[in-house]
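Chain residues, written in single-letter form:
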Amino acid sequence: MEPKTMMDMIPNIDPIDIGLGSSEKGNLLQSAKPRKKTMTSVYLKYFETAPDGKTRRCKFCGQSYSIATATGNLGRHLSNRHPGYDKSGDAVTTPAPQATPITVIKKPQPQGRTPQAQVDYDHLNWLLIKWLILASLPPSTLEEKWLANSFKFLNPSIQLWPGEKYKAVFREVFRSMREDVRVSLEQVSSKVSITLDFWTSYEQIYYMSVTCQWIDENWSFQKVLLDICQVPYPCTGSEIYSSLVKVLKMYNIENKVLACTHDNSQNAIHACHTLKEDLDGQKVGPFCYIPCAARTLSLIIDDALRTTKPVIAKVREFVQELNASLDMSEDFIQLTTAYQEGSWQFPLDASARWSGNYQMLDLVRKAGKSMDAVVRKNEEMMGSRMLLNAAEKNVVNIVHNYLEPFYKVISEICVNDPTTIGMLIVYMDHISDTISTRQPPDWLKSAAEDMAKKLRSYNNQVCNIFIYMTAILDPRIKCELIPESLNLENYLEEARAHFMRNYYTSHFPSMTSGYSAQDIEDGGSVSFAEEIARKKRRASMSNATDELTQYLSESPAPTKTDVLEWWKVNSTRYPRLSAMARDFLAVQATSVKPEELFCSKGDEIDKQRFCMPHDSTQAILCIKSWTQGGLKLKYKSTEIDYERLMEMAVAAASDNNSAGFDKKQK
């Protein structure tokens, strides 16, 4: 077979001199490296010298090295690529077939330029592609003059691909990997849920990301980004709906979607409502759209912090000075130790998100003396404006105490992600009770009323039979912890009816009837043994109809229980109910990861999204998400084995160093 090259498959672009071979296993497991051998002959016996005497070739994989390559590099090759080579004895006499060949297309080389140099440059370009993906940078980054000059400084012969070639490669990688995602979703046997997120770039382009979640047959939570698509102007609910339907149809999952969690915007709600009407009309099964609990919490917290913004701004300025000055931060640490005002890790979080705002309040409440001492010591530079008076400190103490329940809830959902809808409902109910029972001071009453109003709005949106069914299927919740507003009398019977209608017969068709149509035509004349067998089946079927009752009659599991592990263990006890649980427990309570909304990590994500140009946004952000989720970067049918690529780069660098050393010796 003719070897396959990668770059000559790019349409309308000149082929590049190298194509990277595919990797059969993608992820190569690194086993413990054997102890290095000290004798040179131990390494050399696994390599054979070429007839021309200029190269050595590995007997295992056929990888070639310059004859001048240091034996230590040969040993590293054996340790990295062939763990356990020293246990193979002298049995290796001929090179094994190469499963992942590196194909070189020979072209006329300019005088003084070796084929190896061109191979290295193409490797460099593929490594730069990996860098652009991980850093969420557009290909235009590589067109920066000073970056190119830096490469030229290292080696004047280095040639980077043109910008258009990088873009063409990214587009092809995106198409190849998207097809892998589509094929993987075809294998999903359960229902799926989706989440929507939106943002606007510096080019004023409105984007929507669509992510899919499900629980696989091994009871492991799975999720994958489906697409990042531009929502056409004027970006209303109609445009969002049209864009969303295109994505669902592209992956052929429109009939599998059970729920959609949105970002609480009116346009997203309108789009989800239209989608529900569409799916209900097709009678493909139930569909529900859910507001994001994390965004609701964020809006409620903003109300509470409204009155303390001037104080928080002062404290943030102080924290930024501390983070920028080693002397001041050391003084602060010494003072907090002396005053016993806690232990603080630098740099302190100064972000404008929840994590930063709460730390500002925490700092004033717990380390007020140390703050004042540092400000007074550096008054010439800081001025007295950063000193807080007694009234300001009192405001901080009250708001800090008021927000303590929020701090506990947010910490919990950030650590235990994803948090089930059932547990989120319990948390939100707790916060609602806390706000209603506390008596805030007059200056905080208006904010407290707005907070309560937003909570009521959220509770009204999630008070339905769909959320009820999702909540009771959490074995830690069941009916005991369901809030009163959701625990309506008729909901349990509706849940039972849904279970019987959708999971009792459809998942076990062989047990839907005691007699077949042929038996009825034969007048029901069956053997005595068959009558006994069918009686047993009917008894078993009757017991199965009561799975929900049996499940709810048992005490809830401890709150620290792993929900999916519980269902994995108990799925044999509840075979039908577990099928329903697999569908409903995949429904998300938040449209984004809570830590991306509440912590400083979200600032970096927002910056990357905002700065990404339109011609790179979809491809780079999707490829990054897919590779982080475990998919291999693929160009058409060829996987890019970056582990091997890095090894070859190290080997090439070693060869160059050896060649340079030999030249100096001469």
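Treat the numbers as computed from the prediction; the structure is a model and nothing was measured. Residue indices begin from 1 for each chain and proceed along its sequence in written order. Per-residue local features of the predicted model are confined to residues with pLDDT of at least 70, and side-chain atom pairs are confined, for both listing and counting, to 80 or more; whole-chain, interface and lining totals are unaffected and use all residues. Side-chain descriptors were evaluated using all non-hydrogen atoms of the structure, hydrogens and water having been removed beforehand.

### A word on the overall build of the protein
Here a strand is any run of E in DSSP of at least two residues, a helix any run of H or I of at least four, and the numbering for each starts at the N terminus. From N to C terminus, the protein includes 28 helices and 12 strands. Sorting the 666 residues of the protein into buried and exposed places 47% on the buried side. The contacts in the protein between residues at least 6 apart in sequence include a share of 74% that link residues at least 24 apart. Shrake-Rupley sampling with a 1.4 Å probe provides the accessible areas, and residues are treated as covered by the protein chains on show and by no other component. Just so you have it, the protein exposes about 33900 Å², and 52% of that area is on carbon and sulfur atoms. In this scheme, a residue with accessible area under 20% of its type's maximum is buried, one over 50% is exposed, and one in between is partly exposed, where area comes from a 1.4 Å probe on protein chains only. In this description, contact between two residues means that some pair of their heavy atoms is separated by no more than 4.5 Å.

### A word on the packing of aromatic side chains
In this scheme Phe, Tyr and Trp rings, the latter by its six-membered ring, pair at centre separations within 6.5 Å, and the angle between planes marks the pair as stacked below 30 degrees, edge-to-face above 60, and tilted otherwise. A complete count under the given rule lists 21 aromatic pairs for this structure. Judged by centre distance (5.4 Å) and plane angle (45 degrees), the ring pair of tryptophan 161 and tyrosine 166 falls under tilted. The buried category is assigned to tyrosine 166, whose relative accessible area is 1%. Judged by centre distance (4.5 Å) and plane angle (10 degrees), the rings of tyrosine 358 and tyrosine 407 are stacked.

### A short note on the confidence of the model for the protein
You can read pLDDT as the predictor saying how much it trusts each residue, on a scale of 0 to 100. Of the residues in the protein, 80% have a pLDDT of 70 or more, and the chain-wide mean is 82. Below pLDDT 50 for its whole length, residues 1-40 participates in 94 contacts with residues either more than four positions away or in separate chains. Of the regions scoring below 50 in pLDDT, residues 508-524 engages in 15 contacts with residues more than four places distant in sequence or in other chains.

### Topic: the pattern of salt bridges
Where charged atoms of side chains with opposite charge meet at close range, the side chains can pair. In the sections that follow, a salt bridge refers to a side-chain nitrogen of Lys or Arg positioned within 4 Å of a carboxyl oxygen of Asp or Glu. If you walk through the whole model with that rule in mind, you get 28 salt bridges. Aspartate 197 is paired through a salt bridge with arginine 609; the nearest N and O atoms lie 2.9 Å apart. In this pair, aspartate 197 sits in strand 6 (residues 192-200) while arginine 609 sits in helix 26 (residues 601-611), placing the two residues 412 residues apart along the sequence. Look at the salt bridges and you will find they share partners, linking Asp303, Arg306, Asp450 and Lys454 into a network.

### Side note on the packing of helix 8 (residues 293-305) against helix 15 (residues 404-415)
Between helix 8 and helix 15, the least distance of the axes is 12 Å, while the angle of their chain directions is 155 degrees. Taken together, the axes of helix 8 and helix 15 lie roughly antiparallel to each other. Seen from above, helix 8 lies across helix 15 with left-handed handedness. For the pair helix 8 and helix 15, contact is made by Leu297, Ile300 and Ile301 and by Phe406, Val409, Ile410 and Ile413, respectively. The axes used here are C-alpha line fits, helices contributing only the stretch in contact, and every angle between their N-to-C directions lies in the interval 0 to 180 degrees. Angles below 35 degrees are treated as roughly parallel, those above 145 as roughly antiparallel, those between 65 and 115 as roughly perpendicular, and all remaining angles as oblique. Crossings are sorted by hand: turned counterclockwise from the far helix by less than a right angle, the near helix makes the crossing left-handed, and turned clockwise it makes it right-handed.

### Some remarks on the side chain of threonine 590
With respect to the helices and strands, threonine 590 occurs in the loop between helix 24 (575-584) and helix 25 (594-598). Classification of threonine 590 by relative accessible area gives buried; the value is 10%. Here threonine 590 is in contact with Thr195, Thr261, Cys292, Ala293 and Ala294, once residues within four sequence places are set aside.

### Considerations on the pairing of strand 3 (residues 55-58)
Burial along strand 3 is one-sided: the residues Arg56 and Cys58 are buried and none of Thr55 and Arg57 is. In terms of strand pairing, strand 2 (residues 47-49) meets strand 3 through 3 bridges, oriented antiparallel. Directly across from phenylalanine 47, in strand 3, lies its bridge partner cysteine 58. Only strands joined by at least two bridges in the DSSP assignment are considered to pair. The loop that links strand 2 with its antiparallel partner strand 3 comprises 5 residues; one of these, glycine 53, has a positive phi angle of about 75 degrees. Sheet topology note: the strand 3/strand 4 (residues 64-66) ladder contains 3 bridges and is antiparallel. Each residue of the ladder has a partner; that of arginine 56, found in strand 4, is tyrosine 65. In sequence, strand 3 turns back onto strand 4 through a hairpin of 5 residues, with glycine 62 there showing a positive phi of about 85 degrees.

### Describing the sheet that holds strand 3
Strand pairing in a sheet takes place through backbone hydrogen bonds and is either antiparallel or parallel in direction. Pairing is antiparallel across the open sheet formed by 3 strands, whose spatial order is 2-3-4. Of all strands in the sheet, those with a lone pairing partner are strand 2 and strand 4, marking the two edges. Each neighbouring strand pair of the sheet contributes to a mean axis angle of 30 degrees, computed without reference to strand direction.

### Focus: the environment of leucine 124
Mapped onto the secondary structure, leucine 124 falls in helix 3 (residues 115-135). Sequence separation of leucine 124 and isoleucine 158 is 34 residues, and the distance between their C-alpha atoms is 8.9 Å. Every residue in contact with leucine 124, bar those within four places of it in the chain, is listed here: Phe151, Ile158 and Leu160.

### Regarding helix 14 (residues 390-402)
With 13 residues, helix 14 extends 18 Å between its outermost C-alpha atoms, agreeing within 8% with the 18 Å of an ideal straight helix rising 1.5 Å per residue. Taken together, the buried positions of helix 14 are occupied by Glu392, Val395, Val396, Val399, His400 and Tyr402. Down the axis of helix 14, the buried set is contained in an arc of 160 degrees. They therefore lie on one face. Polar contacts here mean pairs of N or O atoms no more than 3.5 Å apart (in protein, one a potential hydrogen donor and the other a potential acceptor; neighbouring residues in sequence count only if both atoms are side-chain atoms). The residue sitting at the N-terminus of helix 14 and contributing the capping side-chain oxygen is asparagine 389; that oxygen lies 3.1 Å from the backbone nitrogen of alanine 391. For a helix, the expected span equals 1.5 Å multiplied by the number of residues minus one. The arc in question is traced by the directions running from the helix axis to the C-beta atoms.

### A few points about the environment of methionine 580
With respect to the element layout, methionine 580 can be found in helix 24. On the basis of relative accessibility, which here comes to 3%, the residue methionine 580 falls in the buried class. Through-space distance from the C-alpha of methionine 580 to that of tyrosine 503 is 6.5 Å; in sequence the pair is 77 residues apart. The contact partners of methionine 580, leaving out residues within four places of it in the chain, are Met469, Leu473, His498, Phe499 and Tyr503.

### Regarding the nonpolar core
Among buried residues, those of type Ala, Val, Leu, Ile, Met, Phe, Trp, Tyr and Cys that are joined through side-chain atoms within 4.5 Å constitute a nonpolar core. Within the largest apolar cluster, 99 residues are counted, with the highest numbers of intra-cluster contacts made by Phe318, Phe406, Trp567 and Phe598. Leave out the neighbours within four places in its chain, and phenylalanine 318 touches Phe332, Leu363, Met371, Val374, Val375, Met382 and Met386. Judged by nonpolar contacts, the second largest core, of 67 residues, contains Tyr241, Ala268, Met612 and Leu645.

### With respect to helix 24
Burial analysis of helix 24 places 9 of its 10 residues in the buried class, which makes it a mostly covered element. Listed as buried for helix 24 are Arg576, Leu577, Ser578, Ala579, Met580, Ala581, Arg582, Asp583 and Phe584.

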